[in-house]
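What the coordinates show
What follows is the residue order along each chain.
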Amino acid sequence: MHYSREIPREGWADYLALLSSLSRARRVRIDAGSAEFDEQPLSQSLPLVDIGFAEEDSAEGFIHVTVGRPGEEITHRILNPACIRADENESGDLECLAFQDAEQTRTLLFFEPSEVFLECVSSPADSL
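All figures in this text were calculated on a predicted structure; none of them were measured in a lab.

Another aspect to go through is the nonpolar core. A general feature of soluble globular proteins is that nonpolar side chains tend to end up buried together. Counting residues in each nonpolar core, the largest one holds 22 residues, and the members touching the most others are Leu 16, Ile 51, Val 65, Leu 97, Phe 99 and Leu 109. Secondary structure elements with two or more residues in this core: α1 (12-23), β2 (27-33), β4 (46-54), β5 (62-69), β7 (81-88), β8 (94-101) and β9 (106-111). Residue contacts for Leu 16: discarding those within four places in its chain leaves Ile 51, Gly 52, Phe 53, Ile 63, Ile 84, Leu 97 and Phe 99.

To continue, consider the environment of Leu 94. Mapping Leu 94 onto the fold places it in strand β8. Relative accessible area serves as the criterion here: at 8%, Leu 94 is assigned to the buried category. Each C-alpha atom of the pair Leu 94 and Tyr 3 lies 9.5 Å from the other, and the pair is 91 residues apart in sequence. Setting aside residues up to four positions removed in sequence, Leu 94 forms contacts with Tyr 15, Leu 19, Arg 26, Ala 86, Asp 87, Glu 88 and Phe 111.

The residue Asp 31 is located in strand β2 in this model. Owing to a relative accessible area of 10%, Asp 31 belongs among the buried residues under this scheme. For Asp 31, the side chain forms a polar contact with the side chain of Arg 29, separated by 3.3 Å.

To continue, consider the confidence of the model for the protein. Summarising the model, the protein shows a mean pLDDT of 83, and 80% of its residues fall at 70 or more. Here helix α2 (residues 114-121) stands out as the least confident element of the protein, with mean pLDDT 50; β7 is the most confident, with 95. Within the model, the stretch residues 116-128 combines pLDDT values under 50 with five contacts to residues more than four positions away or in other chains.

Reading the values: the criteria
- Residues numbered from 1 in each chain as written.
- Predicted model: local features only at pLDDT ≥ 70, side-chain atom pairs only at ≥ 80, totals over all residues.
- Heavy atoms only, no water.
- Core = buried A, V, L, I, M, F, W, Y, C linked by side-chain atoms within 4.5 Å.
- Buried < 20%, exposed > 50% of the residue type's maximum accessible area, 1.4 Å probe, protein only.
- Helix = DSSP H or I, 4+ residues; strand = E, 2+ residues; numbered from the N terminus.
- Contact = heavy atoms within 4.5 Å.
- Polar contact = N/O pair within 3.5 Å; in protein donor to acceptor, adjacent residues only side chain to side chain.
- pLDDT = per-residue confidence, 0-100.

Next up, the structure:
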């Protein structure tokens with residue numbers, strides 16, 4: 001069973017800052033789509049570097065998602081974000097963040113399962 005919840009706008013900055021610190025280096029994939037076109041991959045599965053919300057003076061602000069390895073980082077920006085939804089599995093693990101902007105474009109940030117992440121970061125000595 002999956003659970004989906006909307007993150008209140010006033011909590012975006014804190015939620016994304018906490019997520020960024022807790023999920024740094026966890027592998028994610030970014031897809032984007034809209035009513036006019038299906039979701040298309042924007043990045044392959046890469047380590048999360050940073051995610052956050054920045055409010056501009058006169059605009060609705062933007063969300064930035066940076067993925068990659070040192071020196072090979074990619075940053076995707078969601079301009080004028082309108083909604084953030086978090087999809088979690090029955091264990092409470094985050095599986096996907098869905099962002100929607102004012103033009104109804106969706107950006108999906110898929111998180112690889114924790115077990116896969118732990119296998120990737122554990123050292124060979126840990127498996128002996």
